[in-house]
Amino acid sequence: MKVFNMLLPMTMEGLKVTLGVFLITLVLSVPLSIIVAKLRMSKNKLVAKIVGIYIYIMRGTPLLLQLMFIFFGFHYIPVIGYAFSRHQAIAVAFILNYTAYFSEIFRGGINSIDVGQTEASTVLGLSKRYSFMKVILPQVIKNVMPSIGNEVITLVKDTSLVYILGVADILKAAKAVSNTYSTFVPYIFIGLVYLLIVAVLTKVLDNVEAKFNYYR
Amino acid sequence: MTLIAENLNKSFGDTLVFKDIFFTVDKGEILVIKGKSGQGKTTLLRCLNYLEVLDKGSISINGKYLCKDADGKVQYAEKEDLKAYRLDIGLVFQNYNLFPHMTAKENLLLAPKFLDNMTEEEMEKRAKELLAQLDISDKENSYPYQLSGGQQQRVAIARACMLNPSVLCFDEPTSALDEETRGQISKIIKGLANQGMAIIVVTHDSSLVEELEGNVLTMGK
Ligand SMILES: Nc1ncnc2c1ncn2[C@@H]1O[C@H](COP(=O)(O)OP(=O)(O)O)[C@@H](O)[C@H]1O
Ligand SMILES: [Mg+2]
């Protein structure tokens, strides 16, 4: 019981970090990724290329390394260098990384929509922006929901990487209590907490998917 | 003349699609452009609707130019004029291209909502009239997947008519229809012509050519 007297309050503190990182990443990355996907598909070759390189780096290196680089290394870069706080560094790294992954999902989703949809919008006199928002994007969201859902669940587990910057999430809480009482129980408990979070998310994602099932 | 098309030329790379095409269509007239598959009928409609760019030629509706020849090169109108031109011509695609996530009525209302050139009541009224005229009033809240091919086509026609264009183009309107619905589509097209639209129909269907009783232009050999 002493184990839980220590573990429960620490878990509550850790949850703030775990859920905080999760929410800020999700809320900012999804809209950003739609913009990045559009830029990646830009007619301007230079813009498309630069965005392509950004996506390549984000997907081609470990998120752990990105976290370390942004916190420990970024302020050494001339001109744009800036010394982020721990929490800022975490937010920046997660948002940059997840925006890259989400944007590739959205790019695939946008490409999967028949060009006839855009052509019908054009012929009706709609602007490109209006057509994208009202005709293309709603259909894209329906198509990409399963893939986005996968990434969202990966994101929950990736939040544990914040330990590298010494920030205490729920996994760090388990580790501290486990070391104090020489027991594995806290790890099992935290495993169940992750499962609970994922169960809730799965339900939410299923509901969102169902919302888009009104047409075929 | 409502629509005047002169000297239209189009190739894709080295492949010539059509050359020196000339035609006019007036209010209330039906022009049927026939030709075998691959003769460039779809491409011609796409050029009229500015989904494809000509190599040479001039196109105007009610005196407003989409493009004209200047020193042997085609010159397209300025942005604002292009917008105005667009509203004067409509296209019913061969596969309709309805918006699958919107009901029939929502498909009709999207363009007027964007253009914001009539009140909510006016657009509702016009949508209801068109759906009634095309005999699909009971389908206004149906999604495209819930409609038969013929009903989808009527929604596409109604959608194209919402902004009351001077010219309406049809790409192979009978290609996806069975015998019974085929007879109805020529009635619908003639009805629209009688109301004063200039109609262009491209088809390889010779019985449709006869039924429409319009002027006939043959593409290709
Ligand atoms: N986007 C394109 N790029 C290259 N060739 C094309 C393109 N669209 C059509 N074509 C070619 O142009 C010719 C005419 O096609 P199309 O206008 O679809 O004919 P139709 O509608 O009369 O069957 C065909 O040879 C076709 O392969
Ligand atoms: Mg064709």
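To start, this report covers the structure provided alongside it. The shown structure was predicted, so the numbers you read here are calculated from the model rather than taken from an experiment.

### Brief notes about the overall build of chain B
On a plain count of helices and strands, chain B comes out with seven helices and ten strands. Taken over the C-alpha trace, chain B has a radius of gyration of 17 Å; the compact-globule value for 221 residues is 17 Å, and the two agree within 12%. Each of the three principal axes of chain B carries a C-alpha extent, and together these read 50 × 40 × 30 Å. In chain B, which comprises 221 residues, the proportion classed as buried is 54%.

### A short note on the overall build of chain A
Within chain A, the secondary structure is distributed over eight helices and zero strands. Traced from its N-terminal end to its C-terminal end, chain A shows the element sequence α-α-α-α-α-α-α-α. In terms of overall dimensions, chain A has a C-alpha envelope of 70 × 50 × 20 Å along the principal axes. Out of the 216 residues in chain A, the part that is buried amounts to 44%. Taking as baseline every contact in chain A between residues at least 6 positions apart, the subset at least 24 positions apart corresponds to 75%.

### Side note on the site of ligand 1
All names here are of chain B. Ligand 1 sits among Phe12, Val17, Lys36, Ser37, Gly38, Gln39, Gly40, Lys41, Thr42 and Thr43. Between Gln39 and ligand 1, the recorded distance is 3.2 Å, taken from a backbone N or O atom to an oxygen atom. Measuring from an oxygen atom of ligand 1, one finds a backbone N or O atom of Lys41 at 2.8 Å. Taken by itself ligand 1 offers 560 Å² of open surface, and the protein chains cover 55% of this. Per-element accounting of the shell around ligand 1 gives the leading share, three residues, to helix α1 (residues 41–48).

### Focus: the sheet that holds strand β4 (residues 56–61) of chain B
Residues and elements named next belong to chain B. Ordered by their spatial adjacency, five strands build an open sheet running β2-β1-β4-β5-β6, and the pairing between neighbours is antiparallel. Looking at strand neighbours, the two that pair on one side only are β2 (15–25) and β6 (73–76), the edges of this open sheet. Strand-to-strand twist across the sheet, computed as the mean angle between neighbouring axes with direction ignored, equals 20 degrees. With seven bridges connecting them, strand β1 (residues 3–12) and β2 associate as antiparallel partners. Of the residues in β2, the one forming a bridge with Ser11 is Leu16. On the sheet, α1 packs against β1, β2, β4 and β5 (64–70) and is oriented at approximately 60 degrees with respect to β2. Against the sheet, helix α2 (residues 79–87) makes contact with β4 and β5, and its axis sits at roughly 120 degrees relative to β5, the strand it touches most.

### Considering the interface of chain B and chain A
Contact with chain B, which involves 24 residues of that partner, is made by 20 residues of chain A. Summed over both partners, the interface of chain B with chain A comes to about 2000 Å²; 67% of that surface belongs to carbon and sulfur atoms. Scanning the region where chain B abuts chain A turns up one salt bridge. Between Glu119 of chain A and Arg46 of chain B there is a salt bridge, with the nearest N and O atoms lying 2.8 Å from each other. Sorting the residues of the side of chain B that touches chain A by element identifies α2, β7 (89–92) and α3 (104–115) of chain B as the ones contributing at least two each. Considering each element in turn, the side of chain B that touches chain A owes the most residues, five residues, to α3 of chain B. Among the residues making up the side of chain B that touches chain A, the classes are represented as 16 nonpolar, four polar and four charged.

### With respect to the sheet that holds strand β8 (residues 167–171) of chain B
Residues and elements named next belong to chain B. With respect to topology, five strands assemble into an open sheet ordered β7-β8-β9-β3-β10, the strand pairing being parallel. Either end of the sheet is taken by a strand with one partner, and the two such strands are β7 and β10 (215–218). Adjacent strand axes in the sheet meet at a mean angle of 20 degrees, parallel and antiparallel pairs treated alike. The pairing of β7 with β8 spans four bridges and is parallel. Directly across from Val92, in β8, lies its bridge partner Phe170.

### A short note on helix α7 (residues 170–181) of chain A
Residues and elements named next belong to chain A. For α7, spanning twelve residues, the distance from its first C-alpha to its last is 17 Å, which sits close to the expected 16 Å at 1.5 Å a residue. Residues of α7 that are buried: Ile170, Ala173, Ala174, Val177 and Ser178. Axial view of α7: buried residues confined to an arc of 130 degrees, hence all on one face. Buried residues along α7 sit in contact with α1 (2–40) and α8 (185–211).

### Some remarks on the packing of aromatic side chains
All names here are of chain A. For the coordinates displayed, the defined rule picks out 13 aromatic pairs over all chains. Arranged with centres 5.4 Å apart and planes meeting at 25 degrees, the rings of Phe74 and Phe84 form a pair that is stacked. Taken together, the positions of Phe74 in the loop between α3 (63–73) and α4 (86–111) and Phe84 in the loop between α3 and α4 put the pair ten residues apart, joining distant regions of the chain. Considered together, Phe74 and Phe84 belong to a single accessibility category, that of buried residues. Here the aromatic residues Phe69, Phe74, Tyr82 and Phe84 are joined through ring pairs into a cluster of three or more. Seen from the ring of Tyr215, Lys142 lies directly overhead, with NZ or CZ sitting 4.6 Å from the centre.

### Examining the packing of α3 of chain A against α4 of chain A
Residues and elements named next belong to chain A. Packing of α3 against α4 brings their axes to within 9 Å, and their N-to-C directions diverge by 135 degrees. Comparing the axis directions of α3 and α4 gives the class oblique. The handedness of the crossing between α3 and α4 is right-handed. On α4, the residues touching Leu63, Gln66, Leu67, Ile70 and Phe71 of α3 are Arg86, Ala89, Ile90, Val92, Ala93, Phe94, Leu96, Asn97 and Tyr98. For the contact of α3 with α4, the residue count by class is eleven nonpolar, two polar and one charged.

### Looking at the packing of α3 of chain B against helix α4 (residues 120–133) of chain B
All names here are of chain B. Following both chains from N to C, one finds α3 and α4 inclined at 140 degrees, their axes separated by 10 Å at the closest point. Here α3 is positioned oblique relative to α4, judged by the angle of their axes. In this structure, α3 crosses over α4, and the sense of that crossing is right-handed. Within the contact between the two elements, α3 uses Lys105, Leu108, Leu109, Pro112 and Lys113 and α4 uses Glu120, Met123, Glu124, Ala127, Lys128 and Leu131. Each residue belonging to the contact of α3 with α4 can be placed in one class, and the counts come to six nonpolar, no polar and five charged.

The rules behind these values
- Residues numbered from 1 in each chain as written.
- Chains lettered and ligands numbered in written order.
- Predicted model: local features only at pLDDT ≥ 70, side-chain atom pairs only at ≥ 80, totals over all residues.
- Heavy atoms only, no water.
- Helix = DSSP H or I, 4+ residues; strand = E, 2+ residues; numbered from the N terminus.
- Rg over C-alpha atoms; globule rule 2.2 N^0.38 Å.
- Buried < 20%, exposed > 50% of the residue type's maximum accessible area, 1.4 Å probe, protein only.
- Contact = heavy atoms within 4.5 Å.
- Near = heavy atom within 4 Å.
- Polar contact = N/O pair within 3.5 Å; in protein donor to acceptor, adjacent residues only side chain to side chain.
- Areas by Shrake-Rupley, 256 points an atom, 1.4 Å probe, with all protein chains shown as cover.
- Pairing = 2+ DSSP bridges.
- Axes fitted to C-alpha atoms, helices over the stretch in contact; angles between N-to-C directions.
- Buried area = accessible area lost by both parts, 1.4 Å probe.
- Salt bridge = Lys/Arg side-chain N within 4 Å of Asp/Glu carboxyl O.
- Nonpolar A, V, L, I, M, F, W, Y, C, P; charged D, E, K, R; others polar.
- Expected span 1.5 Å × (residues − 1).
- Arc of directions from axis to C-beta.
- Phe/Tyr/Trp six-rings, centres within 6.5 Å; stacked < 30°, edge-to-face > 60°.
- Lys NZ or Arg CZ within 6 Å of the ring centre and 35° of its normal.
- Parallel < 35°, antiparallel > 145°, perpendicular 65-115°, else oblique.
- Left-handed = near helix turned anticlockwise from the far one by under 90°.

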